[in-house]
There are 2 protein chains.
Amino acid sequence: MSRITALDVIDVRFPTSRTLDGSDAMNPEPDYSAAYVVMRTDHTADDNDLAGYSLLFTTGRGNDVACAAVRSLAPYVVGRDVATLIGDVGVLARELTWDGQLRWLGPEKGVMHMAIGAVVNAAWDLRCRIDAKPLWRVLASMSPAEIVQQVDFTYIDDAVTPAEALAMLQAAEAGRAERVDALLEHGLPAYTTSAGWLGYDDAKVDRLVRLAVADGFTMMKLKVGADIESDIRRLRVARAAAGEDVRIAVDANQRWGVDAAIEWMRQLADLSPYWIEEPTSPDDILGHRAIRDAVAPIKVATGEHVQNRVIFKQLLQAGAIDVVQIDACRVGGVNENLAILLLAAKFGVPVCPHAGGVGLCEMVQHLAMFDFIALSGSSDGRWIEYVDHLHEHFAEPVVVANGRYHAPKNPGIGAQMLDRSIVEYGFPNGPVWATMQS
Amino acid sequence: MSRITALDVIDVRFPTSRTLDGSDAMNPEPDYSAAYVVMRTDHTADDNDLAGYSLLFTTGRGNDVACAAVRSLAPYVVGRDVATLIGDVGVLARELTWDGQLRWLGPEKGVMHMAIGAVVNAAWDLRCRIDAKPLWRVLASMSPAEIVQQVDFTYIDDAVTPAEALAMLQAAEAGRAERVDALLEHGLPAYTTSAGWLGYDDAKVDRLVRLAVADGFTMMKLKVGADIESDIRRLRVARAAAGEDVRIAVDANQRWGVDAAIEWMRQLADLSPYWIEEPTSPDDILGHRAIRDAVAPIKVATGEHVQNRVIFKQLLQAGAIDVVQIDACRVGGVNENLAILLLAAKFGVPVCPHAGGVGLCEMVQHLAMFDFIALSGSSDGRWIEYVDHLHEHFAEPVVVANGRYHAPKNPGIGAQMLDRSIVEYGFPNGPVWATMQS
């Protein structure tokens, strides 16, 4: 019998603001950061104590608050029996989400909810390591009933019931094995955001778009929303470099109100953007619906800032979005993302995960692969976002080749970082930050 | 010229769980708590250094995270010129809300947003002390143009524009002086929640309801949602004790999904509850609309957990609520509450503030008084929630007499606590907590 012995939290920050990688209309100078979580146990495997690894992504300042939020959850997990915990992670997810005192800080939103997600994900990582499988395989090996058991249907059962969820998962059981083979052989489609950061000049956009096409990408994304003339010019540059067959989406990172979004997109419509992402506040369900009505056939996408399953439910009920963009670190962990995948499947809306940041590609690919194998059963109209930096800090960096994500092989959820990186980029005392003080 | 010299944050907790004061269907054992904020300056008045006092209310665990979030904002305020800061607090509110890195932790929701609200409110407290006026008087003395200037219309200008806001405030200028006089003479209507906590037995409900009626309350509220038989019985007890002329609202504290809310309220309908408060998730705009359609003529109320102006906007646009319940500590401070008051006024929906907790009565009364004097111009259909505990810890406890809130007289926003209380209830080292360790 083994127990959780500690929940360690480390503030890790990368000084990405110095190169404008990651720059967009709302985040001009992000320092991609992580509240890095290690759920330690006294369970020994191969002479090492087993641990669960997870992280909560932020863009710099506030990462200390994220760390504090995760640390505040240590009393809920330290001392737990490992076998019981990983036997049903949903128990932990419900306990943290419905804690009568913590709940005031959300409920189910913001830093505390993201911290709960990070702890829940660390428990999933532990389960994957004990099962000796990557997360996508653990999830895709579960029975429909076990998957349904992992989902909290509170506040969404007016849109999808446990019985409906079970039926969808059962319907997708046929073909699971073939889709596992297809995944292992071909991977899943990716799109790249690396060519179109707002801080890049035209020449850099042109060069990077050509490189992306040569690398096999059939879809890419440009940041927009700071200046309409510049957006039109950069979109033209990208279209000329990419050719007519490549999809080019645009992303405003919540820059606009409803009326401004409609007006701005009217001016970009001739350039046929595939979708407009985050046209306005992620909280504005009715606003997204109004925008979608006005900009069709351009699709509307959002999700990286959508706080929980209740907002996703309404975005789908209202017919407000064409694309669901789940994020590995925004909501209450794997369990709530399963709920969101079920909602998307119920409404027939494709899931194109948000990624980038630190470790988001490594983590979210597992959920897309589960969706492909065991739920939607399709990769049509689905791409996983890809951004080409900071992967070298991970124990198993993503493999994106020929424009596709290839399935990770190692046990875990993908969040484990290299010890060296954690030390080097530790904030504020790691060598990278210590030497930066002027 | 004086400057902000420090932002002190103190973790203060009251062990209210021991008496079940504050118990409801979702918060069975709250320990009412505050991240208490002191914005210190080197501005000397009456031989004391002037400071701005504020607090962020929580229900216990997680109060440390709230403290960490407020502390993370110190670099944004320490060193600022006091006169510039209080000359336009909206500048600080916008700067904190739109910080490109902090924004990832919300945006505009959860702990970080509440922390921003607490700091913004501390700046308002400072302004009130320098102006030597209570907040309600400061706000009610501002010109319509100055009030509009304090509001961030981003994401709400499709529902209320600055010009419309200005017009509403200008229309309410006539009669401001008379309403100040009326407020000073009669106060504003209160309703009490003290009679109906879920943990109270029938005899206690009967006794407290009779006491409340004797105290002059014409409206009160009962907690419901744990057990339908018990709810029916307690509501009958309360109705018998109160008589037919007293309004009795019920509050489910988000206990239900949409369908469950409709079914439960169908069973309570014969007992004519005035409103159903928080029937479901505060995020579920469409759900509130469905519930409202089904339970009319019972009114639907929510707000104490509504994270920001964007959700309130949609609740109003969708016709989802009959009552707007602002909270002094949930959103981005006085400035965002002004936005919410303007939205409510635009849609003609009355504002009945949420209060209770620690200091919420003391703080939110100012906003209701501003609304009465300078915006809605009416107290019809409006009551401020009142709960009768923890007031003794405040420098200027609320005065509720004959069922009405009487206007506070001292400078400030109402959040200043007694030094003695802060020491005694400091967590975890204050004497109250230190002696509780077994």
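To be clear, the structure that these remarks concern was listed above.
Residues numbered from 1 in each chain as written. Chains lettered and ligands numbered in written order. Predicted model: local features only at pLDDT ≥ 70, side-chain atom pairs only at ≥ 80, totals over all residues.

(A) Main features of the environment of arginine 179 of chain B. Residues and elements named next belong to chain B. Along the polypeptide, arginine 179 turns up in helix 9 (residues 176-186). Its 18 C-beta neighbours within 10 Å are what place arginine 179 among the partly exposed residues. Linking arginine 179 and isoleucine 373, residues 194 residues apart in sequence, is a C-alpha distance of 5.4 Å. (Helix = DSSP H or I, 4+ residues; strand = E, 2+ residues; numbered from the N terminus. Buried ≥ 20, exposed ≤ 12 C-beta atoms within 10 Å, placed from the backbone.)

(B) Focus on the sheet that holds strand 1 (residues 4-13) of chain A. Residues and elements named next belong to chain A. Strand order in the open sheet formed by three strands is 1-2-3, with antiparallel pairing between adjacent strands. Every interior strand has two partners, whereas the edge strands, strand 1 and strand 3 (48-58), have only one. Across the sheet, the axes of successive neighbouring strands diverge by a mean angle of 20 degrees, strand direction being ignored. When strand 1 meets strand 2 (residues 33-45), the two strands line up antiparallel, connected through nine bridges. Within the sheet, the bridge partner assigned to aspartate 11 lies in strand 2 and is alanine 35. Contacts from helix 1 (residues 63-71) reach strand 1, strand 2 and strand 3 within the one sheet, and its direction differs from that of strand 1 by about 175 degrees. (Pairing = 2+ DSSP bridges. Axes fitted to C-alpha atoms, helices over the stretch in contact; angles between N-to-C directions. Contact = placed C-beta atoms within 7 Å.)

(C) Just the relation of the copies chain B and chain A, in detail. Of the transformation placing chain B onto chain A, the axial shift is 0.0 Å and the rotation is 180 degrees, giving an RMSD of 0.0 Å. Taken together, these values place the two copies in the relation of a two-fold axis. In terms of C-alpha distance to the rotation axis, chain B has glycine 110 of chain B as its closest residue, with the C-alpha 2.1 Å off the axis. Mapped onto chain A, 100% of the interface residues of chain B are again interface residues, and the two copies thus contact each other with one and the same surface. (Least-squares fit on C-alpha atoms with pLDDT ≥ 70 in both.)

(D) Highlighting helix 13 (residues 285-295) of chain B. Counted residue by residue, helix 13 of chain B has eight buried out of 11 residues, so it is predominantly covered. Along helix 13 of chain B, the residues classified as buried are Ile285, Leu286, Gly287, His288, Ala290, Ile291, Arg292 and Val295 of chain B. Buried residues along helix 13 of chain B sit against helix 13 (285-295) and helix 14 (309-317) of chain A together with helix 12 (258-268), strand 7 (275-277), strand 8 (299-302) and helix 14 (309-317) of chain B.

(E) Fine view of the interface of chain B and chain A. Listed by partner, the interface residues are 53 residues for chain B and 53 residues for chain A. Looking at the side of chain B that touches chain A, the elements that each hand over two or more residues are helix 1 (63-71), helix 5 (110-131), helix 12, helix 13 and helix 14 of chain B. Top contributing element to the side of chain B that touches chain A by residue count: helix 1 of chain B, with five residues. Considered class by class, the residues forming the side of chain B that touches chain A number 20 nonpolar, 21 polar and 12 charged. (Nonpolar A, V, L, I, M, F, W, Y, C, P; charged D, E, K, R; others polar.)

(F) The arrangement of the environment of glycine 381 of chain B in detail. All names here are of chain B. Of note, glycine 381 is situated in the loop between helix 16 (360-375) and strand 10 (384-386). In this structure glycine 381 comes out as partly exposed when scored by C-beta crowding, with 14 C-beta atoms within 10 Å. Linking glycine 381 and aspartate 251, residues 130 residues apart in sequence, is a C-alpha distance of 17 Å.

(G) Representation of the pairing of strand 3 of chain A in the model. Residues and elements named next belong to chain A. Of all 11 residues that make up strand 3, eight are buried, and the element is covered over most of its length. When strand 2 meets strand 3, the two strands line up antiparallel, connected through 10 bridges. Bridge pairing in strand 3 links threonine 44 to aspartate 49. A loop of two residues connects strand 2 with strand 3, the two strands running antiparallel in sequence, and aspartate 46 in this loop sits at a positive phi of about 55 degrees.

(H) Up close: the environment of glutamate 336 of chain B. Residues and elements named next belong to chain B. With respect to the helices and strands, glutamate 336 occurs in helix 15 (residues 333-347). Between the C-alpha atom of glutamate 336 and that of leucine 183, which follows or precedes it by 153 residues, the distance is 24 Å. Every residue in contact with glutamate 336, bar those within four places of it in the chain, is listed here: Asn308, Arg309 and Val331.

So yeah, pure geometry; function would need other evidence.
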